[in-house]
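Read off the chains here:
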Amino acid sequence: MLTNSEMERLLLQETEAFIHSDGFAFCPRCGNHRLKPVATDNPYSRQVAGVLICEACRKDEDHRLRTASKNISLKKWFFFAAL
Ligand SMILES: [Zn+2]
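Read on for a plain summary of the structure. Bear in mind the structure is a predicted one, so any value in this text is a computation, not a measurement.

1. Description of the environment of Gly 31
Moving on, step 1. Among the secondary structure elements, Gly 31 is positioned in the loop between helix 1 (4–19) and helix 2 (55–66).
Moving on, step 2. Each C-alpha atom, one on Gly 31 and one on Cys 57, is 9.9 Å from the other, the two residues being 26 residues apart in sequence.

So this is what it looks like as structure tokens:
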């Protein structure tokens, strides 16, 4: 079982790899959307600083912040659900 900080480290590595890749990656949070090929066109997660996610997930995070709903636990992120 990975700890939260281990999961955050893996997500940061994945973002780093994406930035240096040919621009194909799925959103690590939902897995439903592709990230935009130019890394800097994607929003950063509020939940995990430095991790790129898709627009839909960023909107969902913003909504959770505004409504004081809890964030999705990292275990539930697509990236870890798929492991
Ligand atoms: Zn997403």
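2. A few points about helix 2
Moving on, step 1. Between its first and last C-alpha, helix 2 extends 16 Å over 12 residues, near the 16 Å set by a 1.5 Å rise per residue.
Moving on, step 2. Remark: Ala 68 follows helix 2 within two positions and exhibits a positive phi of approximately 55°.

3. Examining the nonpolar core
Moving on, step 1. Core analysis: the largest hydrophobic core is formed by 11 residues, namely Leu 11, Phe 18, Ala 25, Cys 27, Leu 35, Val 48, Val 51, Leu 52, Ile 53, Cys 54 and Cys 57.
Moving on, step 2. Those residues within four positions of Ala 25 in sequence are excluded, and the remaining contacts are Phe 18, Arg 34 and Leu 35.

4. Structural notes on unusual backbone geometry
Moving on, step 1. Positioned with a positive phi, Ala 68 is a non-glycine residue whose angle comes to about 55°.
Moving on, step 2. Locating Ala 68 in the fold gives a position in the loop between helix 2 and helix 3 (78–81).
Moving on, step 3. The exposed category is assigned to Ala 68, around which 6 C-beta atoms lie within 10 Å.

Criteria and thresholds
- Residues numbered from 1 in each chain as written.
- Predicted model: local features only at pLDDT ≥ 70, side-chain atom pairs only at ≥ 80, totals over all residues.
- Helix = DSSP H or I, 4+ residues; strand = E, 2+ residues; numbered from the N terminus.
- Expected span 1.5 Å × (residues − 1).
- Core = buried A, V, L, I, M, F, W, Y, C linked by C-beta atoms within 7 Å.
- Buried ≥ 20, exposed ≤ 12 C-beta atoms within 10 Å, placed from the backbone.
- Contact = placed C-beta atoms within 7 Å.

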